[in-house]
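A structural walkthrough
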Number of protein chains: 2
Amino acid sequence: MTDLAEDFRRTTAPYRRAVDEALDRYTSSFIRGNGSEVPERLRAAIRYSLLAPGKRLRPLLVLLATEACGGEWRRAMPAACAVEMIHAYSLIHDDLPAMDDDALRRGRPTCHIEFDEATAILAGDALIPLAFELLASELTPPEMAAACCLDLARAAGCRSLVGGQMDDLLAEGQARSLEDLEHIHRRKTGALLRVSLRLGGRVAGAGLDELAALDHYGTSLGLAFQITDDLLDCCGTRAELGKEPHKDAAHGKLTYPRLLGIEGSRRRAAVLVEEACRVVEPLGDRAELLRRLARFVVQRNH
Amino acid sequence: MTDLAEDFRRTTAPYRRAVDEALDRYTSSFIRGNGSEVPERLRAAIRYSLLAPGKRLRPLLVLLATEACGGEWRRAMPAACAVEMIHAYSLIHDDLPAMDDDALRRGRPTCHIEFDEATAILAGDALIPLAFELLASELTPPEMAAACCLDLARAAGCRSLVGGQMDDLLAEGQARSLEDLEHIHRRKTGALLRVSLRLGGRVAGAGLDELAALDHYGTSLGLAFQITDDLLDCCGTRAELGKEPHKDAAHGKLTYPRLLGIEGSRRRAAVLVEEACRVVEPLGDRAELLRRLARFVVQRNH
């Protein structure tokens, strides 16, 4: 790992620890509910996937966006956890046999392997309303809660996350253009990254200019993130990734390295990162961690 | 069909027609979004399942509850459609091979048969956030939208709808008690019926007493509904049901007829319906259609 990446990890450790604690807390009590009412197997599957070690990139974006807009990051924790729940659900369902059919995720058996397919479908299904429950019950005032529910619903829906996954499945094996590829990724991974920033901004009471800057940052970051993902799949090892590499090529998927070459992909990621950093300049020093995060994203090795 | 049922159908036809029109409208434009951004196959699968001919029982409960509490039923249309979206998603996922493995639903091929398994999973996944998008964008004031999001999230979540489905899968083939059975149904079907009434009440600005009466009505109606479902599965024909009968027995499922006998089940359903009608007496004439709906539910033949 580079010094930059190590340094970023150290600086953001308190945020990530707080996210892990909050995720644990919300899925122990299931928010004001009596935990005993949730079937134990379902709760175990939800926690297995949601609390699995991870980068917590999306929650971090929520919290850092709140900070960048002058808010107290701890207030944004419900939104941070809600976004991670949507992310976790999408991974569980994407891994299913009928979808990407993956047996490993973050170095551990995927949810349907560790439990079974029915339980994995239900755990994913349960995480979606849980995210909205969190936003609607923990964010105040209600105007802000409703606005956050609407943003998250759009980002998780058929025009964004689910639509992108559908496109991705339909596009497999078909040679297509860079434009198609970016369209898929903007929806499949980009929308959730962008809404993370937007929710963080909303919690801080950000104005339209700030929300627009966060949105632009999120778009560039999202594409840079995807390019890095593609590069890792094509050049990484099983030990680094915690899953099988070369799955994209095996599935005949369109990727950045296939379209732009390895060096061309690296260059494009670097340009996008600099763009992301530039657009949050007006937010000043408070956005410093967002800039460091963007540089970290393209240097990660898993 | 009995005269009572025929009469009820005729009276409520305008409500059901308005629901069908609204469901069609919301999934044509996908709420303020540009319809063209939704992958066509995904939109087709969503519409195939959501717009399939059906009783529209849950939307009807929303609209009639609004009316029973003195509100204008058309104002509750977003909530009515949101509940139907959650119901449709749960049917799509319940029918999947890894779950109940059903090939027929309402006399037509189930979603994963008509399309494919991946598309069916994604169509279900997309309907959940779409329901919240509808509530958060179409209901005002925002306090009410947030309260409705919270209610629906709880009813669709791991303590209710999904938890009940998990229990149901785990309970298959195990002899258990009436108490267990009612616990499963209270969650699996009851929670969504109850929240339909609650959302309808909220749109009308119902007070706590009215919400409590609606809740009690919903609990009794939900159990009566389930008993009738079990009776239809055990005594109905394929033509009446639009799906294979005797699936419960084939799966070794615990049912009311198995526990109480056919006559005992009918008697229990009748008692529950009378209870439902009694608890909404304080709402007066405005609740007349709710009372007729309860009597209709146990007399239906599909």
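Residues numbered from 1 in each chain as written. Chains lettered and ligands numbered in written order. Predicted model: local features only at pLDDT ≥ 70, side-chain atom pairs only at ≥ 80, totals over all residues.

**Here's the deal with the overall build of chain A**
As a reminder of what qualifies: Strands are runs of DSSP state E lasting at least 2 residues, helices are runs of H or I lasting at least 4, and numbering of each runs from the N terminus. The size measure is the radius of gyration over C-alpha atoms, and the globule rule it meets is 2.2 Å times the number of residues to the 0.38 power. Burial is judged by counting the other C-beta atoms within 10 Å of a residue's own C-beta: 20 or more makes it buried, 12 or fewer makes it exposed, and any count in between marks it as partly exposed, with every C-beta position built from the backbone. The contact criterion used here is simple: two residues whose C-beta atoms, placed from the backbone, lie within 7 Å are in contact.
When you go through chain A residue by residue, the secondary structure sums to 14 helices and two strands. Radius of gyration (C-alpha) of chain A: 18 Å, near the 19 Å computed for a compact globule of 302 residues. When the backbone C-alpha atoms are referred to their principal axes, chain A occupies close to 50 × 50 × 35 Å. By the burial criterion, 55% of the 302 residues in chain A qualify as buried. In chain A, of all internal contacts separated by at least 6 residues, the share reaching a separation of at least 24 is 72%.

**Here's the deal with the relation of the copies chain B and chain A**
Applicable threshold: A least-squares superposition brings the copies together, and it is based on the C-alpha atoms of residues with pLDDT no lower than 70 in both.
With an axial shift of 0.0 Å and an RMSD of 0.0 Å, the rotation relating chain B to chain A amounts to 180°. Such values leave the two copies arranged in the relation of a two-fold axis. The C-alpha atom lying nearest the rotation axis in chain B is that of B:Ala146; the distance is 2.5 Å.

**Section: the interface of chain B and chain A**
So the rule is basically this: Note that Gly is not counted as nonpolar here; it falls among the polar residues with everything else outside the nonpolar set of Ala, Val, Leu, Ile, Met, Phe, Trp, Tyr, Cys and Pro and the charged set of Asp, Glu, Lys and Arg.
Taken residue by residue, the interface counts 44 residues in chain B and 44 residues in chain A. Secondary structure elements with two or more residues in the side of chain B that touches chain A: helix H2 (40–50), helix H6 (117–138), helix H7 (142–156) and helix H8 (161–171) of chain B. Here the side of chain B that touches chain A takes 13 residues from H6(B), the largest share from any one element. Across the side of chain B that touches chain A, the residue classes break down as 29 nonpolar, six polar and nine charged.

**Concerning the nonpolar core**
Quick reminder of the rule: Each nonpolar core reported here comprises buried Ala, Val, Leu, Ile, Met, Phe, Trp, Tyr and Cys residues connected via C-beta atoms within 7 Å.
Formed by 204 residues in total, the largest nonpolar core has its most connected members in A:Leu135, A:Cys149, A:Leu152, B:Leu135, B:Cys149 and B:Leu152. Ignoring sequence-local partners within four residues, the contact set of B:Cys149 consists of A:Phe132, A:Ala136, A:Ala146, A:Cys149, B:Phe132, B:Leu135 and B:Ala136.

**Considerations on helix H13 (residues 256–279) of chain A**
Residue and element names in this part refer to chain A. The test is simple: The span you would expect from a helix comes to 1.5 Å times its residue count less one. Two axes enter the bend calculation: one fitted to the seven residues ending at the residue in question, the other to the seven starting there, and the bend is the angle between them.
Between its terminal C-alpha atoms H13 stretches only 24 Å, short of the 34 Å expected from 24 residues at 1.5 Å a residue. The largest bend along H13 measures about 90° and falls at Ile262. On the buried face of H13, the contacting elements are helix H10 (208–235) and helix H14 (288–299).

**What to know about the environment of B:Leu223**
Residue and element names in this part refer to chain B. With respect to the secondary-structure elements, Leu223 resides in helix H10 (residues 208–235). Each C-alpha atom of the pair Leu223 and Glu84 lies 19 Å from the other, and the pair is 139 residues apart in sequence. In this structure, Leu223 is in contact with Glu182, His185, Gly190 and Leu272, ignoring residues within four places of it in sequence.

**Some remarks on helix H13 (residues 256–279) of chain B**
Considered for burial, the residues of H13(B) that qualify are B:Tyr256, B:Ser265, B:Ala269, B:Leu272, B:Val273, B:Ala276, B:Cys277 and B:Val279. Considering only its buried residues, H13(B) is in contact with H10 and helix H14 (288–299) of chain B.

**Focus: unusual backbone geometry**
Residue and element names in this part refer to chain A. Residues Thr140 and Pro141 are joined by a peptide bond in cis, for which omega reads -5°. Among the secondary structure elements, Pro141 is positioned in the loop between helix H6 (117–138) and helix H7 (142–156). One non-glycine residue, Asp101, lies in positive phi territory at about 55°. Inspection of the secondary structure assignment puts Asp101 in the loop between helix H4 (77–94) and strand E1 (104–105). Judged by C-beta crowding, with 14 C-beta atoms within 10 Å, Asp101 ranks as partly exposed.

**Thoughts on the confidence of the model for chain A**
As a reminder, the rule being used: The quantity known as pLDDT measures the predictor's confidence residue by residue, on a range of 0 to 100.
The predicted model of chain A has a mean per-residue pLDDT of 91, with 91% of residues at 70 or higher. Predicted as a complex, the structure gets a pTM of 0.94 and an ipTM equal to 0.93.

**Things to note about the environment of B:Gln226**
Relative to the assigned elements, B:Gln226 resides in helix H10. Each residue touching B:Gln226, except ones within four places of it in the same chain, is listed here: B:His185 and B:Thr189.

**Notes on the environment of A:Pro282**
Residue and element names in this part refer to chain A. In this fold, Pro282 is placed in the loop between H13 and H14. On the basis of neighbour counts, which here come to 10 C-beta atoms within 10 Å, the residue Pro282 falls in the exposed class. In this structure, the C-alpha to C-alpha distance between Pro282 and Leu272, residues 10 residues apart in sequence, is 18 Å.

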